[in-house]
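Analysis of the macromolecular model
Spelled out, the chains give:
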Amino acid sequence: MNIIKYAGYEGTAELDLDSFVCRGKILFIDDLVTYQADSPKDIEAAFKEAVDDYVATCEELGREPQKPLSGTFNVRISPELHKAARVRAAADETSLNEMVAAAIQCYVIGVEHVVNNHTHSHQYISVNSSEQVFDLYTSAVANKALTKVIAGVH
């Protein structure tokens with residue numbers, strides 16, 4: 001599945017080999033908005049038209065169109081991991097939110113470094129994949145090691 005973007009929205013771009021069409025839907029909103037095109041080169045235009053139509057329809061109905069993802073979400077973890085994360089954040093003199101955001105960046109993006117506002121030495125490790133970054137970061141958190149990961153991930 002490919003993701004396309006327009007006006008703050010993301011949508012899917014999928015090839016349906018049974019029907020010989022490209023189709024998709026707007027992601028991360030509660031309303032179901034779908035679109036399709038006869039060829040892959042036309043799917044982006046169909047997506048943009050669907051987003052514009054969705055926004056216009058909401059306006060006609062007198063309601064705000066939903067914006068995808070607020071930046072706030074709940075995560076369920078074990079009490080032991082929650083405590084370990086709070087202790088690690090306190091030791092690093094950072095917030096739990098900042099620590100979780102850094103861990104998610106390491107996992108999803110393969111960020112080049114983790115920035116913590118603390119004053120102790122770090123061990124620098126070069127890695128080549130986002131999986132290695134995530135493994136090293138989670139290992140460091142679990143072992144309460146003070147490791148700064150430098151990733152060579154593109």
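Residues numbered from 1 in each chain as written. Predicted model: local features only at pLDDT ≥ 70, side-chain atom pairs only at ≥ 80, totals over all residues. Heavy atoms only, no water.

Inspection of every chain in the model, using the stated rule, returns 4 salt bridges. Close ionic contact of D31 with R63 constitutes a salt bridge, the shortest N to O distance being 3.0 Å. Taken as a pair, D31 in the loop between β3 (21-25) and β4 (34-37) and R63 in the loop between α1 (43-61) and α2 (79-91) lie far apart in primary sequence, 32 residues in all. For R63, a relative accessible area of 37% corresponds to the partly exposed category. Residues E44 and K48 are paired through a salt bridge, measuring 3.7 Å at the closest nitrogen-oxygen approach. (Salt bridge = Lys/Arg side-chain N within 4 Å of Asp/Glu carboxyl O. Helix = DSSP H or I, 4+ residues; strand = E, 2+ residues; numbered from the N terminus. Buried < 20%, exposed > 50% of the residue type's maximum accessible area, 1.4 Å probe, protein only.)

This next bit is on the pairing of strand β2 (residues 9-16). Among the 8 residues of β2, 6 are classified as buried, and the element is accordingly described as predominantly covered. Relative to β2, strand β1 (residues 2-6) runs antiparallel, the two sharing 5 bridges. Bridge pairing in β2 links I3 to T12. Where β1 hands over to β2, the hairpin turn is made up of 2 residues, of which A7 adopts a positive phi near 55°. With 3 bridges connecting them, β2 and β3 associate as antiparallel partners. Paired with D16 across the strands is V21, a residue of β3. The antiparallel hairpin formed by β2 and β3 contains 4 residues in its connecting segment, where F20 sits at a positive phi of about 55°. (Pairing = 2+ DSSP bridges.)

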